[in-house]
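Secondary and tertiary structure notes
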Amino acid sequence: MVTIISRSEWGAQKPKKIDPDPFTPWKGGVVIHHEGGGNKAVDPHDQCAALVRKIQDDSMNYDIIDEFEVQVGKKEDPYDDIPYNFVVCKHGGIYEGRGADRRSAANSKETPGANSDYYAIMGLIGSDDDVTPAMVRSITVLCSYLRSEKGAGSKILGHTDVRPKTHTDCPGKLYPYVQRDEFRTGAGTGGGPDSDTLHIYGRAQWGARPAKDITPVDISARTGFTVHYSDGPTTQTLRSIQNYHMDSNGWSDIGYNFLVDTSGRIFEGRGWYLQGAHAYGANTSHIGVCFIGESGDATDIALSAIRSMYEKACDVAGHVLDKTYHGMLPGNSTDCPGAQLRAWVQNGMQAQVRPIDWAGADYTPPPTDSSGANGGGMTQVRSVSAQQQAVNDLGYSPALAVDGAWGPLTDAGVRWLQNKVGATADGLWGPGTESAFRAFGGGGSSSGGGMSSVRSVARQQQAVNDLGYSPALAVDGAWGPLTDAGVRWLQGKVGTAADGQWGPATESAYFAYIDDGAGLTVDGQFGTLTIMAVQRVCGSTPDGQWGPDSKRSLQHHLNVWGNAGLVEDGDPGPATYKALQTFLNASGAGLTVDGQWGPATISALQNALNQGRF
């Protein structure tokens, strides 16, 4: 169990901006730093937060000497935020810097991938301070957490290891611990590419939205295993694929049972026990596994992961499954999964078979996965997280983990609540359960307004503030005109109906905005940031230049995700813009499909990018 002191708890400044470049720590691991420069550690522990604040301020706001060193090439430009992902003090306190899901900036640019492929952890000691056992324990626990829960790779390096040209003594007295590999103790394999065991990352770990509906399938009735590809950039996020399937296609969840990326990580989609939405006529009979990428992108470790999943599927089903690909199934006229994977399946799916386990160093496999094998799981009225919280609020013991993942424990908890409030105990939280729960005295709004069945008024107020609302709301849990105005402002910002009611739609839009969104200002201007956001989604170089390659990638994106049938010539005209407008309308943009490239279409595009729905 890792305890992290959040940014709000230690008083962090708001970042100047969020680095939009991809962060792929499973390719590398962790780089260890120290603060350097004599004695820096402080006592007592309650003074450490001030030191972390100073590190952030010094990193973001340079003095005259710092500016001179930048000009002569001795120092990098000021940072947009504290450059470390985490800071660990001598007392063992772990302070959230950029956090677990943002690219680091402290590891130097000398080694390609040092910032994109590695977390940065700084020990809050100077060159002359001694390393404490508490610091070593906390860094060890933190490394374990990053590998087992956040997919960090297996390497643990010192800052000096990624600074081959301009030598540094960093991490000072911590470096012997790096050399002796002591921070790896208890870290587990973490599923990195250097590990023999492949790992499945559950829905809660990749931040899946709750399914709108589920259809259980008897796993023993499965007859086949079908390979797909996403036909998009390898940087596609799971949430962006899920958002498209749910919001543009209108499906109840992400369509695939599992997905695999180029690093061999396996992600739970609908899981083993639920009907998929991946192949016409085969969603009940076949397990669908999607490779995230285009034809030719599949790596050896990705092929190993897919083949290993096939063997695992046969074990779970209790018999041999047919090896198939999307385009070979009856009634499925498609190029999916591309020439590379199609030939690979036709030749017998030759690849190394590795053991598979669920991610987590101390993970004990439950009787089912989180996909809801035993039935239950209904989210039209309130999210799974909100159901779990409601169960806990009525005194259920042991309390459920509020993680948004449906499983046997949540199913049992919801049935317990239904019995308690006098509703039918079927594990399905529909309008009847909601009405009975509210009549019993749970949920509801606070102080005569709003809606708090999904998140409390105080958490709504905090979310509004986190997105930069000014003047900031008082986080007091009391609903009033100011909170109502703030929630409506947030709803407009994240692209959902601005009605002041924080229901499942607002919750989904909010998380899409902060997790996968581009964070663009919706101004109808096709500027550099908007261009770069489109380029990242469509798989072209994010250089902010709207040239033929970028235009061609947009046309390809519309063909893949919108079945637009465009000629990919890099010279878009009315046909391309009509396809774009039609595509955006599938997510509720409400555009007139006139083929005109103007502010209304650009604003709708910016909204879609902010929502991770493009």
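Residues numbered from 1 in each chain as written. Predicted model: local features only at pLDDT ≥ 70, side-chain atom pairs only at ≥ 80, totals over all residues. Heavy atoms only, no water.

Considerations on the pairing of strand E7 (residues 224–229)
With 6 of its 6 residues buried, E7 lies for the most part within the structure. By the alternation rule, side chains of E7 split into Gly224, Thr226 and His228 and Phe225, Val227 and Tyr229, which are all buried. Relative to strand E10 (residues 286–291), E7 runs parallel, the two being bridged by 6 bridges. From the neighbouring strand, Gly224 faces E10, where its bridge partner is His286. Sheet topology note: the E7/strand E11 (residues 322–325) ladder contains 4 bridges and is parallel. By the bridge assignment, Phe225 is partnered in E11 with Lys323. (Buried < 20%, exposed > 50% of the residue type's maximum accessible area, 1.4 Å probe, protein only. Helix = DSSP H or I, 4+ residues; strand = E, 2+ residues; numbered from the N terminus. Pairing = 2+ DSSP bridges.)

Describing the sheet that holds E7
Judged by pairing direction, the sheet is mixed, and its 7 strands sit side by side in the order E11-E7-E10-E8-E9-E6-E12 without closing on themselves. For this open sheet the edge positions go to E11 and strand E12 (356–358), each flanked by a neighbour on one side alone. Direction aside, neighbouring strands of the sheet carry axes that sit 25 degrees apart on average. (Axes fitted to C-alpha atoms, helices over the stretch in contact; angles between N-to-C directions.)

Regarding the sheet that holds strand E2 (residues 86–88)
With mixed pairing, the 5 strands of this open sheet are ordered in space as E3-E2-E4-E1-E5. With one partner strand each, in any of the chains shown, strand E3 (94–96) and strand E5 (155–158) form the two edges of the open sheet. This sheet shows a mean twist of 25 degrees between the axes of neighbouring strands, independent of strand direction. One ladder, built from 4 bridges, connects strand E1 (residues 29–34) with E5; its direction is parallel. From the neighbouring strand, Gly29 faces E5, where its bridge partner is Lys155.

What to know about empty space enclosed by the protein
Here the structure, examined in full by the defined rule, presents 2 cavities of 30 Å³ or more. Each pocket or cavity is described by its volume, and for the second largest cavity that value is around 30 Å³. Along the walls of the second largest cavity sit Asp231, Gly232, Pro233, Cys538, His556, His557, Val560 and Trp561, which together make up its complete lining. Counting residues per element, the lining of the second largest cavity draws most heavily on helix H17 (residues 548–562), at 4 residues. (1 Å grid on protein atoms, 1.4 Å probe; cavity = no way out; pocket = protein on both sides within 12 Å on 5 of 7 lines; lining within 4 Å. Points joined across faces, edges and corners; volume = space filled by probe spheres on them.)

Comments concerning the packing of aromatic side chains
The relation between two aromatic rings is expressed through the spacing of the ring centres and the mutual angle of the planes. Applying the stated criterion across every chain, the model contains 12 aromatic pairs. Arranged with centres 6.0 Å apart and planes meeting at 20 degrees, the rings of Tyr177 and Phe183 form a pair that is stacked. The pair Tyr177 / Phe183 is uniform in exposure class, with both members buried. Consider the rings of Tyr469 and Trp489, whose centres lie 5.0 Å apart with planes at 50 degrees: the pair is tilted. One end of the pair, Tyr469, is in the loop between helix H13 (457–466) and helix H14 (481–494); the other, Trp489, is in helix H14, with 20 residues separating them in the sequence. Classification of Trp489 by relative accessible area gives partly exposed; the value is 30%. Among the aromatic residues, ring-to-ring pairing joins Phe526, Trp546, Tyr577 and Trp597 into one connected group. (Phe/Tyr/Trp six-rings, centres within 6.5 Å; stacked < 30°, edge-to-face > 60°.)

Concerning the pattern of salt bridges
By the definition in use, this model includes 12 salt bridges. Notably, a salt bridge pairs Arg7 with Asp81, separated by 3.0 Å at the nearest N-O pair. Of the two residues, Arg7 is situated in helix H1 (residues 7–10) and Asp81 in the loop between helix H3 (64–71) and E2; the sequence distance between them amounts to 74 residues. For the pair formed by Arg7 and Asp81, the shared burial category is buried. The salt bridge partner of Glu110 is Arg163, with a shortest N-O separation of 3.6 Å. Of this pair, Glu110 sits in the loop between E3 and strand E4 (118–123) while Arg163 sits in the loop between E5 and helix H5 (175–179), placing them 53 residues apart in sequence. Salt bridges sharing common partners tie together Arg7, Asp81 and Arg102. (Salt bridge = Lys/Arg side-chain N within 4 Å of Asp/Glu carboxyl O.)

Some thoughts on helix H8 (residues 300–317)
Between the first and last C-alpha of H8 there are 26 Å, a value that for 18 residues agrees with the 26 Å anticipated at 1.5 Å per step. Among the 18 residues that make up H8, 13 are buried, leaving the element largely enclosed by the rest of the structure. Looking at the residues trailing H8, positive phi occurs at Gly318, about 85 degrees. (Expected span 1.5 Å × (residues − 1).)

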